[in-house]
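# Structural overview for review
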Amino acid sequence: MNDSPPFSSGSAPSAPRRLWRSLEELQDAPDLQAWLDAEFPNIARAGSMDRRSWLRLVGASLALAGLPACSGEGAVGDPPLLSPPEHLPGHVPGTPLFVATSLELAGLGRGVLVKTQEGRPFKIEGNPLHPASLGATDVWAQAEVLSLYDPDRSRTPLQQGAERTWEDAERLLATMRTELAFGRGKGWRFLLPQTASPTLDRLVAAMRQGFPEARWHRPAPLAPSGAQAGAISAFGRAVDLVPDLTQADLVLTLGGDIFLFEPGHIRLAADWQARRRNREKPLPRLVAVESTPSLAGARADQRIPLRPRLVEGFAHALWAGLAQNAVPAEAHPAVATLLAELRRAGPRAVVLAGREQPAAVHALALAINAHLGAFGTTVHAIEPVVAPTPPEEDLPALAEAITAGEVSGLVILGANPAYDAPADLDFGRLVRRVPLSVHLGFGRDETAAASTWHLPKCHPLESFGDLRAFDGIVGFRQPACVRLVPSLSPEELLANLLGQAPDGRELLAATWAEQWGADFDIRFTRALEDGVVEGSAAPRIPVALRPDWSPAPRPPLPPAELDILFSLDPSLWDGSYANNAWLQELPKPLTKQVWGNAALIAPETAAARGLSTGDLIEVIAGERRVAAPVWLLPGHAPDTVTLPLGYGRESAGAVGWRVGFDAYLLRTAADPWITSGTLTPLGSQVELISTQHHHALPGHAVFRIVSADRPDAGGPPAKLPSLYPEWRYEGHAWGMSIDLDACIGCNACVIACQAENNVMVVGPEEVARGREMHWLRIDRYHGGAPENPDTFFQPVLCMHCEKAPCEVVCPVNATVHSAEGLNDMVYNRCVGTRTCSNNCPYKVRRFNFFDYSSAELAPPDDALNPHVTIRERGVMEKCTYCIQRIWTARTQANVENRPIRDGEIVTACQQACPTQAFRFGDVNDENSAVSRLKREPRDYAMLGELNTQPRTTYLARIAPTGENGG
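Along each chain, residues carry numbers from 1 onward, in the same order as the chain's sequence is written. In keeping with the predicted nature of the model, local features appear solely for residues at pLDDT of at least 70, side-chain atom pairs appear and are counted solely at 80 or more, and the whole-chain, interface and lining totals rest on all residues. Here the side-chain values reflect all heavy atoms present in the structure, with hydrogen atoms and water set aside.

### Concerning the overall build of the protein
For clarity, the threshold we go by: Helix numbers and strand numbers start at the N terminus; a helix is a DSSP run of H or I with at least 4 residues, a strand a run of E with at least 2. A radius of gyration in this sense is built from C-alpha atoms; the matching globule rule multiplies 2.2 Å by the number of residues raised to 0.38. Burial here depends on accessible area, computed with a 1.4 Å probe over protein chains only, as a share of the maximum for the residue type. Under 20% is buried, over 50% is exposed, and the range in between is partly exposed. We call two residues contacting when some pair of their heavy atoms lies within 4.5 Å. To be clear on the numbers: accessible area is Shrake-Rupley with a 1.4 Å probe, and residue cover counts the displayed protein chains and nothing else. A positive count includes Lys and Arg, and a negative count includes Asp and Glu. His and the chain ends are not counted in either. For the purpose of locating charges, the reference atoms are NZ of Lys, CZ of Arg, CG of Asp and CD of Glu.
If you tally the helices and strands in the protein, you get 29 helices and 38 strands. A compact globule built from 966 residues should have a C-alpha radius of gyration of about 30 Å, and the protein, at 28 Å, falls within 12% of that. Projected onto its principal axes, the C-alpha positions of the protein cover 90 × 75 × 60 Å. Out of the 966 residues belonging to the protein, those deemed buried represent 61%. Excluding contacts between residues fewer than 6 apart, the proportion of contacts in the protein whose partners are at least 24 apart in sequence is 74%. When the accessible surface of the protein is totalled, it reaches about 35,800 Å², and 53% of it is carbon and sulfur. Here the protein contributes 89 positive and 110 negative side-chain charges, whose respective centroids are spaced 2 Å apart.

### Overview of the nonpolar core
This is how the line gets drawn: Each nonpolar core is a collection of buried residues, namely Ala, Val, Leu, Ile, Met, Phe, Trp, Tyr and Cys, held together in the definition by side-chain atoms within 4.5 Å.
If you look at the biggest cluster of nonpolar residues, it comprises 194 residues, and the most contacted ones within it are Leu254 and Leu643. Top element by residues in this core is helix H14 (residues 359-372). It accounts for 8 residues. Setting aside residues up to four positions removed in sequence, leucine 254 forms contacts with Val289, Val311, Phe314, Ala315, Val351, Leu352, Ala353, Gly354, Gln357, Val361 and Ala365.

### Notes on the sheet that holds strand S9 (residues 215-217)
Keep this limit in mind: By the convention used here, strands pair only if DSSP detects at least 2 bridges between them. The axes are straight lines fitted to the C-alpha atoms, using for helices just the contacting stretch, and the angles between their N-to-C directions are given from 0 to 180°.
An order of S7-S6-S18-S17-S16-S8-S9 is seen for the 7 strands of this open sheet, with the pairing classed as mixed. Only two strands of the sheet have a single partner each, and these edge strands are strand S7 (162-163) and S9. Relative to strand S16 (residues 409-413), strand S8 (residues 188-191) is paired through 4 bridges, and the arrangement is parallel. Residue arginine 189 lies in a different strand from S16, and its bridge partner there is leucine 410. Seen against the sheet, helix H7 (residues 166-182) touches S8, S16, strand S17 (436-441) and strand S18 (453-456) and runs at an angle of roughly 115 degrees to S18. In this fold helix H15 (residues 395-403) packs onto S8, S9 and S16, with an angle of close to 150 degrees to the strand it touches most, S8.

### Focus on the pairing of S8
This is how the line gets drawn: Note on handedness: a crossover is taken as right-handed if, strands pointing away from the viewer, the path from the first strand over the helix to the second is clockwise.
Burial along S8 is two-sided: the residues Trp188 and Phe190 and Arg189 and Leu191 are all buried. When S8 meets S9, the two strands line up parallel, connected through 3 bridges. By the bridge assignment for S9, arginine 189 is matched with arginine 215. Note on the crossover from S8 through helix H8 (residues 198-210) to S9: the handedness is right-handed.

### Some points on the pattern of salt bridges
Note the following rule: Any carboxyl oxygen of Asp or Glu within 4 Å of a side-chain nitrogen of Lys or Arg constitutes a salt bridge here.
Considering all chains together, one arrives at 45 salt bridges under this definition. We note a salt bridge from arginine 237 to glutamate 383, for which the minimum N-O separation is 2.5 Å. Here arginine 237 is found in the loop between helix H9 (225-235) and strand S10 (240-243), whereas its partner glutamate 383 is found in the loop between strand S15 (379-382) and H15, with 146 residues between them in sequence. Among the ionic pairs, arginine 885 bridges to glutamate 756, the shortest N-O distance being 2.8 Å. Separated by 129 residues along the polypeptide, arginine 885 in helix H27 (residues 883-895) and glutamate 756 in helix H24 (residues 748-756) bring together distant segments of the chain. Each member of the pair arginine 885 and glutamate 756 is classed as buried.

### A word on the environment of glutamine 160
With respect to the helices and strands, glutamine 160 occurs in the loop between strand S6 (158-159) and S7. Each C-alpha atom of the pair glutamine 160 and alanine 205 lies 31 Å from the other, and the pair is 45 residues apart in sequence.

### Topic: unusual backbone geometry
Within the chain, tryptophan 595 stands out as a residue other than glycine whose phi angle is a positive 50 degrees. In this structure, tryptophan 595 sits in the loop between helix H22 (581-584) and strand S22 (599-601). A positive phi angle, close to 55 degrees, is found at glutamine 949, a residue other than glycine. With respect to the helices and strands, the residue glutamine 949 is situated in the loop between strand S36 (939-940) and strand S37 (952-955).

### A few points about the packing of aromatic side chains
Our working rule: Any two of the Phe, Tyr and Trp rings considered here, Trp counted by its six-membered ring, make a pair once their centres fall within 6.5 Å; the pair's planes then place it as stacked at under 30 degrees, edge-to-face at over 60, or tilted in between. In this analysis the charged atom, NZ for Lys or CZ for Arg, is taken to sit over a ring once it is within 6 Å of the ring centre and within 35 degrees of the ring normal.
All chains considered together, the criterion is met by 18 aromatic pairs. When the centroid spacing of 5.9 Å and the interplanar angle of 65 degrees are considered together, the rings of phenylalanine 261 and tryptophan 573 count as edge-to-face. With phenylalanine 261 in the loop between strand S11 (250-254) and helix H10 (265-277) and tryptophan 573 in the loop between strand S21 (562-567) and H22, this residue pair connects regions lying 312 residues apart in the sequence. For the pair formed by phenylalanine 261 and tryptophan 573, the shared burial category is buried. The rings of Phe476, Trp512, Trp516, Phe520 and Phe524 are connected pair by pair, giving a single aromatic cluster. The side chain of arginine 649 reaches across the aromatic face of tyrosine 419, ending 4.8 Å from its centre.

### Re the pairing of strand S12 (residues 285-290)
The buried fraction of S12 is high, at 5 of 6 residues. In this sheet, S12 lies alongside S11 in parallel orientation, the contact comprising 5 bridges. The residue of S12 that forms the bridge with threonine 253 is alanine 288. Crossover handedness for the path S11 to H10 to S12: right-handed.

### A short note on the sheet that holds strand S29 (residues 777-783)
The sheet built from 3 strands is open, its strands ordered S2-S29-S30 with antiparallel pairing. At either end of the open sheet lies a strand with only one pairing partner, and these are strand S2 (19-20) and strand S30 (790-796). Strand direction decides the pairing type here: S29 and S30, joined by 7 bridges, are antiparallel. For arginine 777, the partnering residue across the bridge sits in S30 and is valine 796.

### A few points about the state of the cysteines
Rules: When two cysteine sulfur atoms are found within 2.5 Å, that pair is recorded as a disulfide.
Within this structure, the stated rule accounts for 0 disulfides. Of all cysteine sulfurs, the one in cysteine 481 lies closest to cysteine 458, which takes part in no disulfide; the gap is 10 Å.

### Remarks on the side chain of glutamate 446
Applicable threshold: Pairs of N or O atoms within 3.5 Å make up the polar contacts considered here, provided that, within protein, one atom can donate a hydrogen while the other can accept it, and that residues adjacent in sequence are counted only when both atoms are side-chain atoms.
Within the secondary structure layout, glutamate 446 lies in helix H18 (residues 446-450). For glutamate 446, the side chain forms a polar contact with the side chain of arginine 649, separated by 2.8 Å. Look past the residues within four positions of glutamate 446 in its chain and what remains in contact with it is Asn416, Ala418, Tyr419, Arg649, Glu650 and Ser651.

### Re the packing of helix H20 (residues 504-516) against helix H21 (residues 520-530)
Put simply, the test is: Any angle that falls under 35 degrees is termed roughly parallel, while one over 145 is termed roughly antiparallel, one within 65 to 115 roughly perpendicular, and all others oblique. With the far helix as reference, a near helix turned anticlockwise by less than a right angle produces a left-handed crossing, and one turned clockwise produces a right-handed crossing. Residues are grouped as follows: Ala, Val, Leu, Ile, Met, Phe, Trp, Tyr, Cys and Pro are nonpolar; Asp, Glu, Lys and Arg are charged; all remaining types, including Gly, are polar.
The geometry of H20 relative to H21 is characterised by a closest axis approach of 10 Å and an angle of 125 degrees between their N-to-C directions. What the angle tells us is that H20 and H21 run oblique. As H20 runs across H21, the sense of the crossing is right-handed. Residues Arg505, Leu508, Ala509, Trp512, Ala513 and Trp516 of H20 touch H21, and the partners they reach there are Phe520, Arg523, Phe524, Ala527 and Leu528. Here the contact of H20 with H21 is composed, by residue class, of 9 nonpolar, no polar and 2 charged.

### Quick notes on H9
All of the buried residues in H9 are Gly226, Gln228, Gly230, Ala231, Ala234 and Phe235. Just downstream of H9 lies glycine 236, where phi reads positive at about 80 degrees.

### Side note on the packing of helix H12 (residues 308-323) against H14
Any two packed helices are characterised by how steeply their axes cross, that is the angle between the axes, and by the distance between the axes. Where H12 meets H14, the closest approach of the two axes is 9 Å, and the angle between their N-to-C directions is 25 degrees. Regarding the angle of H12 to H14, the classification is roughly parallel. You can see that H12 and H14 cross each other, and the crossing is left-handed. Facing H12, whose interface residues are Val311, Glu312, Ala315, His316, Leu318, Trp319, Leu322 and Ala323, H14 presents Ala360, Val361, Leu364, Ala367, Ile368, His371 and Leu372.

### A look at the confidence of the model for the protein
This is how it is decided: A score between 0 and 100, pLDDT records how confident the predictor is in each residue.
In this model, the protein carries an average pLDDT of 90, and 90% of its residues clear a pLDDT of 70 or more. Counting contacts from residues 1-5, a segment whose pLDDT is below 50, to residues more than four positions away or on other chains yields 17 contacts. Considering only residues more than four positions removed or in separate chains, one finds that residues 962-966, a stretch of pLDDT under 50, has 15 contacts.

### A closer look at the side chain of glutamate 820
Within the element layout of this structure, glutamate 820 appears in the loop between strand S31 (815-817) and strand S32 (823-825). Apart from the residues within four sequence positions on either side, glutamate 820 is in contact with Tyr729, His732, Ala733, Trp734, Ile886, Arg890 and Arg951.

The following block contains the structure:
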């Protein structure tokens, strides 16, 4: 199908390797060719739009449906009292203000800056002072703005599902205080998620002291529990690991995804790319042993797909080869080569086990690191940031107590165990058995429906608190706006039960006043402004392998038809973001699926069972079963099925209700991550929505890769004749460089662009028609055999061509060239002929087929960037290089009577990227960072042979020395 594949190998273009987006493309499926030939695929087949469904999805995700504005009627609490940044003499009304705060993910903090306008948040950036983010973000941090304005958030207390007043809730809390004091807490249980908050820990300690008969449960259903158990086995104590990938010559991962799901993933991605950019040293090596393809596996120099049950044996073989020079005869063929690499790298190697791996694999990884001398160089040990949960405080212990009738009162703070607890506990049923259960939650979720009382929980952007990051450093959480609805934070609820004033700021201050003493005022104000508590990082602790440690003997593996692996979802995480339409419509990095999940299996496994993508199967584990559609994922381990968590919600809100299937139904307390089972075809099929074939660029060499020792990507094509006159730009000429060697496909740039530019959600029916509105997409290519292909990511946005094909065909001059070389869109001129889209070779222009931002559906100003125009129905949209940021920088430079500095303008995609794959600036300035990058041998223009002279160019992906084409 592709006579000229979308790939070239830089300095060896005579032997390009074919890249493909899907198995259908690899097999030259005729139906797919018809799809690609269509200008707007699926329109005729899709039929008319279900407008009611679209209203439900888009309206519920964006319209505030009566929520009060931050400064409007119904807002409660006081706005944050913040000092302006030191470099500003004072805050000027009408200009944005950044508030430093911390956002939680899996109990750990990530430092962010919240951009606010007149007291309302509308954009989130990374905090460059925070070591967990270094100024970058992930998709979940970006999406918190939309979650803040969720119309399905709880607005009033509920009793047995009926609305009550806050006076009723206060009487409830007063009764609880009395009962707790009377019986010293006897019969009461408190359940809250594991979180690394010093203030919350202080309040829990006070509760334990004041009500010693009460019992506390801090389960973490998705925590890497095997990591702590493995550390206790290997070192005799629980520790957390802080990798330093800037020092690593070799990184070996055993499961997990260090660029997406592991603690500190933003920092790990940044450090890995910083090490690759260090040209004074040879390129580092990344080797990924995994069952499910991951972002780390996609960027790995070597990827080894293994069934989950075989990973422990692989780690055993490595340990035996290093410590005993005795590699088992049945060891994987890759072990011998990898052993040589580990010995060569020595202390500059590091082995990291994923959160889903059992304790034995974590212990072996720690032992290998200790044997190599990696501790102190590529990895450091610290005290656990989140204390391990003892058995008497886990969920099975609570379930046993409820079953025995020992629980008269249950308080659940911010958790949703009725949805994500192990299925064998049937926790929703257990909650209903408790005489009085009180749930504090952001929305009316599954646990709220099972509880006697439900109290609204405030959003993190509305409350005070603190959070430790993966390395132990503390970041303060503070409100970026007043509370949109009356609500409580977990800290405030506990303070209320202790008889203290539920003032979040005072509770936070009390925690740190005890430590800082006379310096409190200065340090507290500084921590609020910076978002980081100086000097709070956890100290490194020495560790040593126990002298008597040896790997636990491996029991014989029982026969199993399939291994079942549970995984976090790259869009919805654990289901906490199910009601966020930005994330529901975000194409997953590897499958490009949206609005749902699927059971992921290897192509060869599917072939053996006669399955194809979209076939419905029943996955059976013991006595539990769940129906799910199949997705054939290249590179997936054979005889394994991966079930992404976070879908199938019954009480998530209008957006997330019953989207996808619920994999938690198979997850048990004994086997929370890996189990075994079977699958049975159900004989029917569903259509899965994916964007992997949308906006495809077949027939062109658009992705290039070079070897480290021959970095020439071919450069720009020879200058071709043109009917356009040459134009000299006297002032600025804006351009961008995108480093394909840095892109990890994490999607942070996609969501950042959506939040910055008010890009609308269109819903699953419209995406199925190829009408998604994302201004920035990440094309994903595979190369090689589908059993274990190489994977490549390429961000694609408007190229801002100097000789733009879109401009000459517009009949109303709506797409025009600016005096600084931007390809601008004049929205109020556009009449929707779509000729510009037809003439765009990069397929980056989007058309408003429906009035996605009409008065009926549009969110109020509180949910949108006030500096970006809202587009109506019937106009083209596309990347503008964040022109609003260009004008902001120009205005500030004019006020200060100076030129715009290099690096002063940072686009939304550039700011969000953890690996700094994007660079924007003035190409007229020979000394600018973007100009220097465009002079590198790796620089090339996508479709440069068309002579469009794009202002956006790419740096080719680097393959290891001596290899070509990955």
